[in-house]
Amino acid sequence: MQICVEPPPSPDLADDCRQLEAIIGQGRLQPVFQAIVDLEAGTVLGHEGLIRGPSGSALHSPMMLFEAAERCRMTPALDQACLRACAERFAELALPGLLFVNIGPETLLAQERRPAAVLSFLETVGLDSRRVILELTENRPGGAYPALREAADGCRRDGLRIALDDFGEGFSNLRLWSELRPDIVKLDKHFVRHIHLDPLKEQFVRSVADIARQSGALLVAEGIESAEELRTLRRLGVRYGQGYLLARPQARPPRQGPRMADMLPSVGRRPGPRYQPLARDLLLEVAPLEACVPNETAYRRFAEHPDCFAIPVVQDGLPVGLLRRHHLLESFARPFNRELYGKKPCRMMMDKQPLVVNADINVHELSSLVVAAERRYLVDGFIITENGRYLGMGTGFALMRKISELQLSAARYANPLTGLPGNVPINETVDRLLGMDAPFVAAYADLDHFKPFNDLYGYAAGDSLIELVAHLLLEHADPERDFVGHVGGDDFVLLMQSDDWETRLRRVLACFGEQAAAHFSETHRAAGGFEVAARSGEAVFLPLTTLSLGVVKVGAGQYHGHREIGAATAEAKKQAKKMPGNSLFVECRLPGEPASCRCGRS
């Protein structure tokens, strides 16, 4: 008979276990909180409680802390201690919104066996269990789906809610989502990082957002660190986010959420050619119903008002759902349904995942959200909020009509050859940047000896050369921070906020020098120019057509309108045209200084 004896723990492990027991027993865990933000309203949905060990301890790092708990088989005990520490501090700070706390599967199963202890503790610290979200984190594969589902259902009966953490990473998978039906899903930061540069990640997140809407779960994107990532997530319909761009973990976080205008500053956006209408411009006043109002009330309103397509459902002024006309009427048309559900609260029959947008989102972003979402939003409309509270509704029809108006307006002011914005939007954009006191660079681009080239080679060749300039300017401008406009003929204007604007302009000149050669005959390329008849009738030799760029740097308060900047860039362009070849001239003198102060560079 062979007896297997488990070897005693190593001295280092035994020391870690004793230290961990002391940390838990003496309540020395240190919680910090990171805000989770509504990306539309800029309000705080809640805070994730993150744990640190005692300062100066070998177990201060959360990674070291939980690795020690894993080795000591104390993970459930540590999870429970973290929950208590975070809940107590969260209540003490009176932080707004929900409290998110990480737990492992073992702890979730243990929670079902000992629910009273946690509920009693939450009651003691004055924290409603309905404000607590248990984030399920898996660091190794598991298959106890029925037991986990039963435990999750038990937590919900006690008022707690379940989140699936780090979705898409490790062992957090679709099967677990399907089995647990979490209230919240947190998208792993891997799929957020550089999403604006990765079409595959974008498609993955779009699909996850669709599944979240279908399942009724809130989707939270983790690890947002750049304005470009934030902008892409909002376009894909991700409503909530977390990351260093929005808020860092803090021991005492501020109660107010960040303003999205601060996260997406004007200097990081491409200046639009004209005023961008907002969702509030589509506003329809539709009286909402409170969530406790019976379905019969909604049925009567739909019956009395044939033009009423949907009724928002609110709770304390906050939108929680949408009653859809066709859904409710069809349901009540079935035998006995009106009798069965007429007196039940309308929250039972509402769509719990309506499209909710902030009143200040522009219609282009809104249209991207609607297109990326389900088709029903075009029919049923969307809810418009201000500071998170219900304001009114908008319809897909009104949105499409507004988009059509914008397209017609844009076509009216665009250059017909290149499609780029023309004089009116250029001037409006300059004045808007000046009004914001935003530093930028104004560049005037012009082709040298273009008219002789056009006369010699024909208007089709001239149009081709103009289109080349337009293509190169767009290709090398920052699509998020720079604006390209076409004044007319061979004249272009760039309004640049990119930090590396000079490098970009020099690349334009280099590429034009390489690509413009194909627009000349071999004879003219070999000669370095062409002969044309001057007004006197004599033949004049001109060099090959080149590109000149005159640049003016605009600081706050230096100029007072687009006319002043237009005159300054025109003068800078003249200086550039005095230089041989493809040239760049940067005006260094300030407005009003004499020409003797000029220090431009080519």
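For the structure, see preceding data.
Please read these numbers as outputs of a predicted model, since none were measured by experiment.

Student: What should I look at first to understand the overall build of the chain in this one?
Tutor: Looking only at helices and strands, the chain features 22 helices and 21 strands. By the burial criterion, 49% of the 602 residues in the chain qualify as buried. Counting contacts in the chain only where the partners sit at least 6 residues apart, residues at least 24 apart contribute 69% of the total. For the chain, the accessible area works out to roughly 29,200 Å², and carbon and sulfur atoms hold 53% of it.

Student: Explain helix H8 (residues 199–215) to me, please; I cannot follow it from the model alone.
Tutor: Taking 1.5 Å of rise per residue, 17 residues should cover 24 Å, and H8 covers 24 Å from first to last C-alpha, within 8% of that figure. Two to three positions downstream of the cap, the backbone nitrogen of leucine 200 sits 3.0 Å from a side-chain oxygen, assigning the N-cap of H8 to aspartate 198. Looking one or two places after H8, you find glycine 216, whose phi comes out positive at around 80°.

Student: Just to check I follow, could you spell out the packing of helix H11 (residues 295–304) against helix H12 (residues 325–333) for this structure?
Tutor: Helix-helix packing is characterised by the crossing angle of the two axes and by the distance between the axes. Contact geometry for H11 and H12: axes closest at 10 Å, N-to-C directions at 110°. Taken together, H11 and H12 sit at an angle that is classed as roughly perpendicular. In this structure, H11 contributes Asn295, Glu296, Ala298, Tyr299 and Phe302 to the contact, and H12 contributes Arg325, Leu328, Leu329 and Phe332. The residue makeup of the contact of H11 with H12, split by class, is six nonpolar, one polar and two charged.

Student: Hey, could you run me through unusual backbone geometry in this one?
Tutor: One can expect most non-glycine residues to show negative phi and most peptide bonds to be in trans. Notably, arginine 181 is not glycine yet its phi reads approximately 50°, a positive angle. Topologically, arginine 181 is positioned in the loop between helix H7 (174–180) and strand S6 (184–187). We classify arginine 181 as exposed; its relative accessible area is 56%. One non-glycine residue, histidine 449, lies in the positive phi region at around 55°. Looking at the element boundaries, histidine 449 is found in the loop between strand S15 (440–448) and helix H18 (450–457). Relative accessible area serves as the criterion here: at 31%, histidine 449 is assigned to the partly exposed category.

Student: What is the right way to read the packing of H18 against helix H19 (residues 459–476) from this model?
Tutor: Between H18 and H19, the least distance of the axes is 6 Å, while the angle of their chain directions is 135°. Compared by their axis directions, H18 and H19 come out oblique. Where H18 abuts H19, its residues Phe450, Phe453, Asn454 and Tyr457 lie against Tyr459, Ala461, Gly462, Leu465 and Ile466. Considering only residue class, the contact of H18 with H19 consists of seven nonpolar, two polar and no charged.

Student: Teacher, can you tell me more about the sheet that holds strand S21 (residues 583–587) here?
Tutor: Through backbone hydrogen bonds, the strands of a sheet pair up, either in parallel or in antiparallel fashion. If you walk across this open sheet you meet the five strands as S16-S17-S15-S20-S21, and the pairing is mixed. Pairing within the sheet leaves two strands with one partner each, and these edge strands are strand S16 (482–488) and S21. Strand after strand, the sheet turns through a mean of 20° between neighbouring axes, direction not considered. Pairing analysis gives five bridges linking strand S20 (residues 546–554) to S21, with the strands arranged parallel.

Student: Even after reading the chapter, I still don't get the pairing of strand S11 (residues 318–324), so can you show me in this structure?
Tutor: On any regular strand, side chains alternate: one points to one face of the sheet, the next to the other face. Across the seven residues that make up S11, a large majority, five, are buried. As defined by bridge partners, strand S10 (residues 310–315) adjoins S11 across six bridges and the pair is classed as antiparallel. Bridged to glutamine 315 within S11 is leucine 318. Hairpin geometry of S10 and S11 is characterised by an intervening segment of two residues between the two adjacent antiparallel strands and by a positive phi of about 55° at aspartate 316.

Calculation notes
Residues numbered from 1 in each chain as written. Predicted model: local features only at pLDDT ≥ 70, side-chain atom pairs only at ≥ 80, totals over all residues. Heavy atoms only, no water. Helix = DSSP H or I, 4+ residues; strand = E, 2+ residues; numbered from the N terminus. Buried < 20%, exposed > 50% of the residue type's maximum accessible area, 1.4 Å probe, protein only. Contact = heavy atoms within 4.5 Å. Areas by Shrake-Rupley, 256 points an atom, 1.4 Å probe, with all protein chains shown as cover. Expected span 1.5 Å × (residues − 1). Polar contact = N/O pair within 3.5 Å; in protein donor to acceptor, adjacent residues only side chain to side chain. Axes fitted to C-alpha atoms, helices over the stretch in contact; angles between N-to-C directions. Parallel < 35°, antiparallel > 145°, perpendicular 65-115°, else oblique. Nonpolar A, V, L, I, M, F, W, Y, C, P; charged D, E, K, R; others polar. Pairing = 2+ DSSP bridges.

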